[in-house]
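# Remarks on the overall topology
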Amino acid sequence: MKKDILILGIETSCDDTAISVVQNGELVLSNIISSQAKFHEKYGGFVPEVAARKHIETITFVLDEALSEAKVNLEEIDTIAVTKLPGLQPSLVVGIGFAKGLALGLGIPLLEINHLEAHIYANHLYRKIEDKPDLKYPYVGLLVSGGHSELWLANSPTSHKLIGSTRDDSSGEAFDKVARMLGLGFPGGPIIDKMSQDGDEMAINFPRPMIDSPDFDFSFSGLKTAVRNEIIKYNEGKSETHPNARSDQKLSDLKDSEIHKEIDNNWKLDIVASFQEAVIDVLVSKTIRATQDLGLSTIVLGGGVSANSRLREMMGRKAHENGFELYYPNIEFCFDNGAMIAGLGYWYL
Ligand code: KG4
Ligand code: ZN
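Residues numbered from 1 in each chain as written. Chains lettered and ligands numbered in written order. Predicted model: local features only at pLDDT ≥ 70, side-chain atom pairs only at ≥ 80, totals over all residues. Heavy atoms only, no water.

To continue, consider the overall build of the chain. Counting its secondary structure elements, the chain contains 10 helices and 10 strands. Against the 2.2 N^0.38 benchmark of 20 Å for 349 residues, the chain shows a C-alpha radius of gyration of 21 Å, consistent with a compact globule. Structurally, the chain occupies a C-alpha span of about 75 × 50 × 30 Å along its principal axes. Taken across its 349 residues, the chain has 53% of its residues classed as buried. For the chain, the share of sequence-separated contacts (at least 6 apart) that also reach a separation of at least 24 residues comes to 72%. Just so you have it, the chain exposes about 15500 Å², and 51% of that area is on carbon and sulfur atoms. Across the chain, the 34 positively charged side chains and the 49 negatively charged ones have centroids separated by 2 Å. (Helix = DSSP H or I, 4+ residues; strand = E, 2+ residues; numbered from the N terminus. Rg over C-alpha atoms; globule rule 2.2 N^0.38 Å. Buried < 20%, exposed > 50% of the residue type's maximum accessible area, 1.4 Å probe, protein only. Contact = heavy atoms within 4.5 Å. Areas by Shrake-Rupley, 256 points an atom, 1.4 Å probe, with all protein chains shown as cover. Lys, Arg positive; Asp, Glu negative; His and termini not counted. Charge placed at Lys NZ, Arg CZ, Asp CG, Glu CD.)

Next comes the structure, spelled out in structure tokens:
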């Protein structure tokens, strides 16, 4: 009988310290994630050096938990997989150094994995055999994370062709920046997703950047500016002097984080719902068109924004109308995690 392969996956590319044990590239035995989000919120944004230090403090505890949840000993691990790129250098270095030390100490191979490829691969992961997805290649992959918005033609877990990407901000970044302008907290995506359910997505007709361009590229920075302008217009209409502005300061000179004071809550719900609708419209429309143009019939989502409920709903609706199949990762595998790194590592092994 073929021996089961156990891979330990380590992910520290941003602000989550994450370690998992995955069997044969798919069955997740443990998935431990220690988030620093609350900590960085205190600083009003992400501080890379602080993140690296937090990874160092936490990583051995996360390893212990990951082994204990999986009920395996370190000596039973066959291979270590770690995120190599992309990510924040100070954070990545902690995970890579730790992984190298472990692999060397145990005398087992070390695999360095691409974080973006792993986000799309997350669609293969499951906790129970009855949840095993029947995912077939080739497919169109939409990778939407905090730093990237890309469309792929994927031929296997380890081979894909980039067919489109963002020319400026990613969709996740747009969610985070709009949340910041409205003083909603970090990360903005999940907060805006939840608030939008109570807002009117038709209230403000925001631009849908590049929706009709013949390529498969994206651009979200203009949309973010359109939201900013709308907030400024709202404030100007409400009061002559903005509560955060000095008497000699124009509203338009204020920083993103300063423009949100005294906004009516219902209007906040409407503006976030309208903004989200514009982002989702562009993502869905381009993904469907790419699938049609390439003559494919499967769409696969990955990355933090693939947790978005409106994206899942609208992509599902359009995929169904076109007779396409749609896959997205289980929520626990959408965000940064070690399971996607370990899982993909199996294919490189
Ligand atoms: O993939 P990820 O966890 O980390 C990176 O590799 O960047 O993605 C994080 C991004 C953040 O921008 C966050 O705001 C966004 O994913 N995000 C969401 C949702 N949940 C997380 N965006 C929209 N709707 C969500 N429900
Ligand atoms: Zn990520």
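So, next bit.
H115 (NE2), H119 (NE2) and D336 (OD) make up the full set of protein donors to the zinc ion (ligand 2), lying at 2.0 to 2.1 Å. Here the zinc ion (ligand 2) is ringed by 4 donor atoms whose angles at the metal span 95 to 132 degrees, and the overall shape comes out tetrahedral. Along the chain, the residues that donate to the zinc ion (ligand 2) are spaced as H-x3-H-x216-D. Residue H115 is found in helix α4 (residues 115-121), and its partner D336 is found in the loop between β10 (325-327) and α10 (338-348); the two are separated by 221 residues along the sequence. Here H115 matches D336 in class, with each residue buried. (Donors = N, O, S within 2.8 Å, 3.2 Å for Na, K, Ca; no water. Tetrahedral: all angles 85-135°; square planar, octahedral: opposite > 155°, others 65-115°.)

Our next topic: the sheet that holds strand β3 (residues 27-35). On the basis of which strands lie adjacent, the open sheet formed by 5 strands has the order β3-β2-β1-β4-β5 and mixed pairing. Strand pairing shows two members of the sheet lacking a second neighbour, β3 and β5 (110-114), which therefore form its edges. Adjacent strand axes in the sheet meet at a mean angle of 20 degrees, parallel and antiparallel pairs treated alike. Each of β1 (6-11), β2 (16-23) and β3 touches helix α2 (residues 48-70); the most contacted strand, β2, lies at about 25 degrees to it. Set on the sheet, helix α3 (residues 89-106) makes contact with β1, β2, β4 (79-85) and β5; between it and β4 the angle comes to about 160 degrees. (Pairing = 2+ DSSP bridges. Axes fitted to C-alpha atoms, helices over the stretch in contact; angles between N-to-C directions.)

Backbone hydrogen bonds are what pair the strands of a sheet, in a parallel or an antiparallel way. Pairing in this open sheet of 5 strands is mixed, and the strands run β8-β7-β6-β9-β10 from one edge to the other. This sheet does not close on itself; its edge strands, each paired only once, are β8 (159-165) and β10. Strand-to-strand twist of the sheet, defined as the mean angle between neighbouring strand axes without regard to direction, takes the value 25 degrees. Bridge analysis of strand β9 (residues 298-302) against β10 gives 3 bridges, and the strand direction is parallel. By the bridge assignment for β10, I299 is matched with L326. Where helix α8 (residues 265-294) meets the sheet, its contacts fall on β6 (139-144), β7 (149-156), β8 and β9, and the angle it forms with β6 comes to roughly 155 degrees.

Now for the pairing of β3. The pairing of β2 with β3 spans 8 bridges and is antiparallel. Residue V21 lies in a different strand from β3, and its bridge partner there is S30. Count of turn residues in the β2/β3 antiparallel hairpin: 3 residues, of which N24 carries a positive phi of about 50 degrees.

Of all residues adjacent to ligand 1, which total 20 residues, the nearest are G146, D176, G189, D193 and G304. A distance of 3.1 Å separates an oxygen atom of ligand 1 from a polar atom in the side chain of H115. Take D336: an N or O atom from its side chain is 3.2 Å from an oxygen atom of ligand 1. Relative to its unbound accessible surface of 550 Å², ligand 1 loses 89% to contact with the protein. Only α4, α5 (171-181) and α6 (188-196) provide two or more residues apiece to the shell around ligand 1. (Near = heavy atom within 4 Å. Polar contact = N/O pair within 3.5 Å; in protein donor to acceptor, adjacent residues only side chain to side chain.)

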